[in-house]
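Topology and contacts: notes
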Amino acid sequence: MGSCGTTFTVGVKKRDNIAAALPVQEHRLPMSNLDLLLPPLDVGVFFCYKNSLPLDESLNILKKSLAEALGPFYPLAGEIVQNNLAEPELHCNNRGVDFIHAHADVELKNIDLYHPDESVERKLVPRKKQGVLTVQVTELRCGGLIIGCSFDHRVADAYSINVFLAAWAEIAQSKSISSLPSFRRPMLNARHPPVVNTFYDKLYLPLSSLPPQWSCLPTNPLRSRIYYVEAKDISHLQSKSSFNENAKRSKLVSFTAFLWKLIAECEDGFNTCKMGVVVDGRGRMDRISFDKLSLPNNMSLSMQNYFGNVLSIPFGEANSSELKEMPLNLVAEMVYEFVSPAMTEEHFLGLIDWVELHRPEPAVANIYAKMDENDGEAIVVSSGQRFPVNSIDFGWGKPHFGSYHFPWGGETGYVMPMPSTKKNGDWIVYMNLLQKHLDLVETKGRNVFKPLTPSYLNL
């Protein structure tokens, strides 16, 4: 399906640097063991507003509130350097956040959000050149605004950035921050001594174990699309994925199972197909005991405010021809079986220990590493259901649309379902897949995945 939107260019009107309004004591903040599992990748997120206040007023609000937000979220105003082990760490020096004011001679309704490679990439979501975070505010011909951000994934996962974005919007409206971040790295310290468990050797690989020709650079570049899935179709998938109404599979497990079966339809000689699911460990680790981590007695143990990466990527691998023949509920059972072991405190404590035992050598998630050309297809699903899109109101109303944007550049596909701004149970689904997989989504999956259009967004 070809691009149907208006081609447009974006011009930069002004570049600023926004530092934290309050002084930040310069210091080094180490990465946690879980941060060290992330390669140097930047992630984008953007929000579309149909109308705003007068432009100068909107820009002043955004800059002033960003400077205030960078006080409690001070690592975002720093930069990444290397420590004496050649590992990355944060230099919290308040270098500031690059802030770009841009103009696009286009109306919001004419931006082809369905094809974000053409309309969003390096146009509405900026390329980050320095520091940890870059912000771009793009004014549109119709009076609307698009706020795009790029951030270093080694510093934060989506959960952390969501907390920051919500806090930034609260400050813009002169509200108190509802969730202050915590940078208490001891919460993710390894145990003493670290516990050896070869289970993690399947999930993660030291870079030295990869073949010499391994690279993140794909031979077949991935393409991005944004779809919407109606609430009734999500419920239908959930019903088909469950053995009975009293033991329903989660919507994410059901969605993942459907996608796994869909991708297995690729008749290209590969025998297996991998499916991974990103698991957030915060809810699993809130019951950590003092004796496991040797924390000071006055330290809070809640992980809900922890800022950083608390992720694991378990995956399953199955024969493509078998996946095609299996009923959806059996595929959903397979998804549940590889995801559920990672949804425990012990899983994350063990992963932290595994990293400790391999430091300072960097490691990579197995599902991102094709060991040889005969390795089957692989896709990762990351739930964006906590994306607070309807909370990112800077004083001129809620976004008409918002999405993450992650064309990461490897060969493993990436899919993130997020809530729609309609608040009706629909999902917005960002996909970064091989073209042949997108072709399947748009043929065999067309009853579920519908291209995002201006009419759906009421633009």
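Note: the structure precedes this text.
Residues numbered from 1 in each chain as written. Predicted model: local features only at pLDDT ≥ 70, side-chain atom pairs only at ≥ 80, totals over all residues. Heavy atoms only, no water.

**Comments concerning the sheet that holds strand β2 (residues 27-30)**
Read from one edge to the other, the open sheet built from three strands follows the order β2-β5-β4, with strand pairing classed as antiparallel. With one partner strand each, in any of the chains shown, β2 and β4 (79-82) form the two edges of the open sheet. Averaged over all neighbouring strand pairs, the angle between strand axes comes to 40°, with direction disregarded. The pairing of β4 with strand β5 (residues 88-92) spans four bridges and is antiparallel. When the bridges of β5 are listed, V81 appears paired with E89. (Pairing = 2+ DSSP bridges. Helix = DSSP H or I, 4+ residues; strand = E, 2+ residues; numbered from the N terminus. Axes fitted to C-alpha atoms, helices over the stretch in contact; angles between N-to-C directions.)

**Points about the packing of helix α1 (residues 55-69) against helix α3 (residues 158-172)**
As a packed pair, α1 and α3 sit with axes 8 Å apart at the nearest point and diverge in direction by 120°. With respect to α3, the axis of α1 lies oblique. Between α1 and α3 the crossing geometry is right-handed. Residue-level contacts link I61, L62, S65, L66, E68 and A69 of α1 to F164, W168, I171 and A172 of α3. Across the contact of α1 with α3, the residue classes break down as eight nonpolar, one polar and one charged. (Parallel < 35°, antiparallel > 145°, perpendicular 65-115°, else oblique. Left-handed = near helix turned anticlockwise from the far one by under 90°. Contact = heavy atoms within 4.5 Å. Nonpolar A, V, L, I, M, F, W, Y, C, P; charged D, E, K, R; others polar.)

**So, the packing of helix α5 (residues 231-241) against helix α6 (residues 251-263)**
Between α5 and α6, the shortest axis-to-axis distance is 8 Å and the interhelical angle comes to 85°. As far as their axial angle goes, α6 and α5 are roughly perpendicular. Residue-level contacts link I234, L237, Q238 and S241 of α5 to K251, S254, F255 and F258 of α6. Partitioned by chemical class, the residues of the contact of α5 with α6 number four nonpolar, three polar and one charged.

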